[in-house]
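Structural characterization, general
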Amino acid sequence: MTDLSTTAGKLADLTARLAEAQAPVGDRAIAEAHEAGRLTARERIGALLDASSFVEVDALARHRVSEYGLDSTRPATDGVVAGYGTVAGRKVCVYAQDSSIFDGRLGEVYGEKILKIYRLATKTGVPVIAFLEGGGARAAEGTAALSFYARIVAAATQASGVIPHIAVLTGEVTGPHALLAGAADLTLMVEGQALLRLSPAEAGEEPLGARDHAERSGTAHLVAQSDAHAAEILRDLLGYLPSNNRAEAPRPVESRITGSIAENISAADTQLNALIPDDPQAPYDMREAITRVVDGQRFLETQPAYAPNILTGFARIEGRAVGIVANQPAQGAGRVDSRAADKAARFIRTCDAFNIPVVSFVDAPGFVSGTDEELGGVVRSVSKLAYAYAEASVGTLTVITRHAIGAASVVMGAKDLGADLVFAWPTAQIAAMHAETAVPEIHAAELAKAQRKGKDVDALRDKFSAEYDERHLSPYQAAERGMVDAVIPPEHTRGQLVEGLRLLDRKVTYPPAKKHGNIAL
């Protein structure tokens, strides 16, 4: 027995207590996780953080409940591993819920630990990474446990827009635990492990896993194949984000470009000249445009399986982290629907919160039509998208590659909506409407007269349509009116974005004094 009257005995006692925290419910729980191909909560933190950088807080915390026989089971950590460390040398705060202890259910001490991490991260200005798995509050702790969900969500709300908040779902997340996932800026789910439901499943209902939330609900921004893969994605993602809203994302010094735009045209740039098909209705993959202008052709796409008619994600241009928003002509002609608008609006606001410039690639022929869309709230969703662009205080640059028609062109980073710089390719078609809509209105009298005289109305309509297309479906009328800052060869796109982003590093805005705007949520 350890002699606690001596210093040596006290040190030995501390060592034993800390050793217990490494395996609070025994080595068997660790072995079972490994047999299932999973990491433990502590190992997930270790896989993310730089080697030996983790500093744990509250490792010796234990619940204080004596009812229902719980006084006989008081494991160290109380079901959540929490602390701080570094990722690529940058400080982060992190906590990982441990479903091997009380099924990951939240109790009062457990909640105190998580709340402490959010407050510590907010006042020190570092990101929070949350590894989530658990099934709600502990019944034995009742409302004392439940109140901590409200406190944690309140703390996460105060942190929102101040520090990046990323949630990683590593197991079953149900009930109030789902609120912790919903509070994050970005959410990652591990396929084959993560399940997410706010309400209990009805009899016969299927579990909702990573693919369901990546493709159908849009809750999952990214999907990992394993715990180890999730750590890799997290490290990559954090590289695009600043530590807080007063900082800038890391920018490699060696990415600096020298010389003029013309002097830096590469083979990848030249390939852009042939990207747009001659047939104005033919599809093409907008990712081809994006990857050819960003550094290393690396584009970390978010929500790739949700609303695929619009693309969002992170990249770098001259080492500078940027957010990309783009119509995708390969999916539904790039037309905007309510899901796409919601997806883009949320992403733009995330970028704006953390000083990440937004670069938009526009090929927007219109909106997805139909009563289902209208009653599904497309007006509200598109209003969110317009609001997000108009509100953005970061640098906003728009590249119109082909269609920018009607209201769709307005809400996709238009100059008069607030875009700082707008470039158009010579293939751009910028107009208030398509010929089939405009011609019957503009030439109504001539078409009616031809009809009365028995002339070939279809041929006349085709003639008027060709004249309309020649005059209106080009970038030059918009350029004459200042709606486009420059019509550029596609191969100059990267160079123009580099120069524009350099200029916009100095952007300063003075928004009107108000409590907050009222976005159409």
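Details of the structure are given in the entry above.
Owing to the predicted nature of the structure, the values given are computational and were not obtained by experimental measurement.

Conventions adopted
Residues numbered from 1 in each chain as written. Predicted model: local features only at pLDDT ≥ 70, side-chain atom pairs only at ≥ 80, totals over all residues. Heavy atoms only, no water. Helix = DSSP H or I, 4+ residues; strand = E, 2+ residues; numbered from the N terminus. Contact = heavy atoms within 4.5 Å. Areas by Shrake-Rupley, 256 points an atom, 1.4 Å probe, with all protein chains shown as cover. Lys, Arg positive; Asp, Glu negative; His and termini not counted. Charge placed at Lys NZ, Arg CZ, Asp CG, Glu CD. Buried < 20%, exposed > 50% of the residue type's maximum accessible area, 1.4 Å probe, protein only. Phe/Tyr/Trp six-rings, centres within 6.5 Å; stacked < 30°, edge-to-face > 60°. Lys NZ or Arg CZ within 6 Å of the ring centre and 35° of its normal.

So, on to the overall build of the protein. For the protein, the helix and strand inventory stands at 19 helices and 16 strands. Dimensions of the protein along its principal axes, counting C-alpha atoms only, are 110 × 60 × 50 Å. Expressed as a percentage of contacts within the protein between residues at least 6 apart in sequence, the contacts between residues at least 24 apart total 73%. Element-wise, carbon and sulfur atoms account for 53% of the exposed surface of the protein, whose accessible area totals about 23800 Å². Computed over 53 positive and 65 negative side-chain charges, the separation of the two mean positions in the protein equals 5 Å.

Residues other than glycine seldom take positive phi values, yet Gln-297 does so here, at roughly 55°. Relative to the helices and strands, Gln-297 resides in the loop between helix H10 (286-293) and strand S9 (300-302). When its relative accessible area of 48% is taken as the criterion, Gln-297 is described as partly exposed. One non-glycine residue, Ala-307, adopts positive backbone phi at about 45°.

A few words now on the packing of aromatic side chains. According to the stated counting rule, one finds 3 aromatic pairs in the structure shown. Residues Tyr-240 and Phe-314 carry aromatic rings whose centres are separated by 5.9 Å and whose planes lie at 20° to one another, so their mutual orientation is stacked. With a gap of 74 residues between them, Tyr-240 in the loop between helix H8 (227-238) and helix H9 (267-271) and Phe-314 in strand S10 (residues 310-317) connect regions that are remote in the sequence. By the ring-pair criterion, three or more aromatic residues cluster together here, those being Tyr-240, Phe-314 and Phe-347. If you follow Arg-316 out to its NZ or CZ, it ends over the ring of Tyr-240, 4.3 Å from the centre.

Take it as geometry only, folks, not as evidence of what the structure does.
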